[in-house]
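# Notes for the structure review
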Amino acid sequence: MAKWGMVIDLDKCTGCQACTTACSMENNTLPGENWQDVLYYHEGQYPSGQMKWLPRPCMQCENPSCVHVCPTRATYKDMDAGGIVFVDWNKCIGCKYCMIACPYGVRFYADEKPLLEPDLRAIFPGEGGQLWSPPYQNPEEDWRRGIGVQPHGVVSKCTFCYHRVSKAPPGTPDLDEDDPMLKEYVPACVRTCPPKARFFGDLDNPSSQVNRLIGDKHGVRLLDHTGNRPQVYYLGAGAGIPAFTPKTKS
Ligand code: SF4
Ligand code: SF4
């Protein structure tokens, strides 16, 4: 079984948010509820201050703090699914412990005040337990893995587009969006990235491109000091990763 990993080259990423839009369409998320977000920030001071950005999906951590705190075991890491961390919407009670425990801020509780107006939940009211009924609804539905239009009162997050990835031929080292035989299995954010800043493949396969990139270009994981050990790696210094500076007592 593959161990799915994503590589994001920050020297190539232009911060265009095509990934964010593609993810929202693919996964029926409400506007503003971005499973694949791009975070913008400033570094430095005038006159040499710079605008920077960081694309950020769920890291599908090897040691996920969200799983450890979930009281109902709704959140779980599935090694048979390439190590993807899922939320079982049948079990989630919406307590939000996982949202607090995740150091990357990638989880959403969509029952709250809408992040963007108008509130599409009122315009497209949900049916059959769904939170809303988007007009472009993706036909895939798998509540055990948090896939589909979410119901009320649950937490949601990126699934590495498991509904696509799971259909790839077994043993595939990389899901390359340039390969016509594989492109249907590639996660939506990887498939749509205009400058091809994203790569997706098997971290357990020594011949995969993701492994080569991580080794050759010194891939790093975010907030490694937390011990979460993400399955998402970043390359390059172009867009930069905010430096972690431990606070010292004065
Ligand atoms: S909100 Fe749901 S998934 Fe998160 S900790 Fe609570 S029960 Fe588990
Ligand atoms: S990034 Fe957060 S939500 Fe995703 S697996 Fe890690 S701790 Fe859990």
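Residue indices begin from 1 for each chain and proceed along its sequence in written order. Chain letters start at A and ligand numbers start at 1, both assigned in the order the entries are written. Under the rules for a predicted model, residues below a pLDDT of 70 receive no local features and side-chain atom pairs below 80 are neither given nor counted, while totals for whole chains, interfaces and linings still include all residues. Only hydrogens and water are removed before side-chain values are computed, so all heavy atoms of the structure are retained for them.

For the chain, an unreviewed UniProt entry supplies the name Fe-S-cluster-containing hydrogenase components 1 and the organism Thioalkalivibrio nitratireducens.

Our next topic: the overall build of the chain. In terms of regular secondary structure, the chain is built from 7 helices and 9 strands. Computed over C-alpha atoms, the radius of gyration of the chain comes to 18 Å, within 12% of the 18 Å expected from 2.2 N^0.38 for 250 residues, which places it in the range of a compact globule. Taken along its principal axes, the extent of the C-alpha atoms in the chain is 50 × 50 × 35 Å. The contact rule is simple, with two residues in contact once any of their heavy atoms fall within 4.5 Å. Long-range pairs, those at least 24 residues apart, make up 60% of the contacts in the chain with a sequence separation of at least 6. Using a 1.4 Å probe, the Shrake-Rupley method yields the accessible areas, and only the shown protein chains count as cover for residues. Surface exposure of the chain reaches about 12300 Å², of which carbon and sulfur atoms provide 55%. For the charge count, each Lys or Arg is scored as positive and each Asp or Glu as negative, with His and the chain ends excluded. A charge is said to be at NZ when it belongs to Lys, at CZ for Arg, at CG for Asp and at CD for Glu. Of the charged side chains in the chain, 26 are positive and 28 negative, and the gap between their average positions amounts to 5 Å. Strands here mean DSSP runs of E at least two residues long; helices mean DSSP runs of H or I at least four residues long; both are numbered from the N terminus. Throughout, the radius of gyration refers to the C-alpha atoms, and the reference size of a globule is 2.2 Å times the residue count to the power 0.38.

What follows is about the site of ligand 2. Whether a residue is near a molecule or strand depends on its heavy atoms: if one lies within 4 Å, it is near. Neighbouring ligand 2 are 15 residues, the closest being Cys58, Cys61, Cys66, Cys102 and Arg107. In terms of residue class, the shell around ligand 2 is built from 10 nonpolar, 3 polar and 2 charged. For this classification, Asp, Glu, Lys and Arg are treated as charged, while Ala, Val, Leu, Ile, Met, Phe, Trp, Tyr, Cys and Pro are nonpolar and the rest, including Gly, are polar.

In this section: the site of ligand 1. As a structural note, the neighbourhood of ligand 1 is formed by 13 residues, with Cys70, Cys92, Cys95, Lys96 and Cys98 the closest of them. Partitioned by chemical class, the residues of the shell around ligand 1 number 9 nonpolar, 3 polar and 1 charged.

Pairing of aromatic rings covers Phe, Tyr and Trp, the last counted by its six-membered ring, and requires centre-to-centre distances within 6.5 Å; plane angles under 30 degrees mean stacked, over 60 mean edge-to-face, and any other angle means tilted. Counting across every chain of the model gives 6 aromatic pairs. Considering the side-chain rings of Trp4 and Phe200, the 5.4 Å spacing of their centres and the 25° angle between planes classify their relative orientation as stacked. Here the residue Trp4 occupies a position in strand β1 (residues 4-9), and Phe200 occupies one in strand β8 (residues 198-202), the gap between them amounting to 196 residues. Like Trp4, the residue Phe200 is buried in the burial classification. Summarising the aromatic geometry, the rings of Trp89 and Trp143 are spaced 6.4 Å apart at their centres and angled 75° between planes, so their arrangement reads as edge-to-face. Of the two residues, Trp89 sits in the loop between β5 (84-87) and α3 (97-101) while Trp143 sits in the loop between α4 (120-123) and β7 (155-156), which places them 54 residues apart along the sequence. Partly exposed residues are those whose accessible area sits between 20% and 50% of the maximum for their type, while under 20% is buried and over 50% is exposed, using a 1.4 Å probe and protein chains only.

Let us now look at the pattern of salt bridges. Should a side-chain nitrogen of Lys or Arg be within 4 Å of a carboxyl oxygen of Asp or Glu, the pair is scored as a salt bridge. Counted according to the given criterion, the structure contains 15 salt bridges. Between Lys52 and Glu43 there is a salt bridge, with the nearest N and O atoms lying 3.3 Å from each other. On the basis of relative accessibility, which here comes to 32%, the residue Glu43 falls in the partly exposed class. For Arg121, the salt bridge goes to Asp119, with nearest N and O atoms at 2.9 Å. The buried category is assigned to Arg121, whose relative accessible area is 16%. In this structure Asp119 comes out as partly exposed when scored by relative accessible area, which is 22%. Each of Lys3, Glu62, Arg221, Asp224 and Arg229 takes part in one network of salt bridges that share partners.

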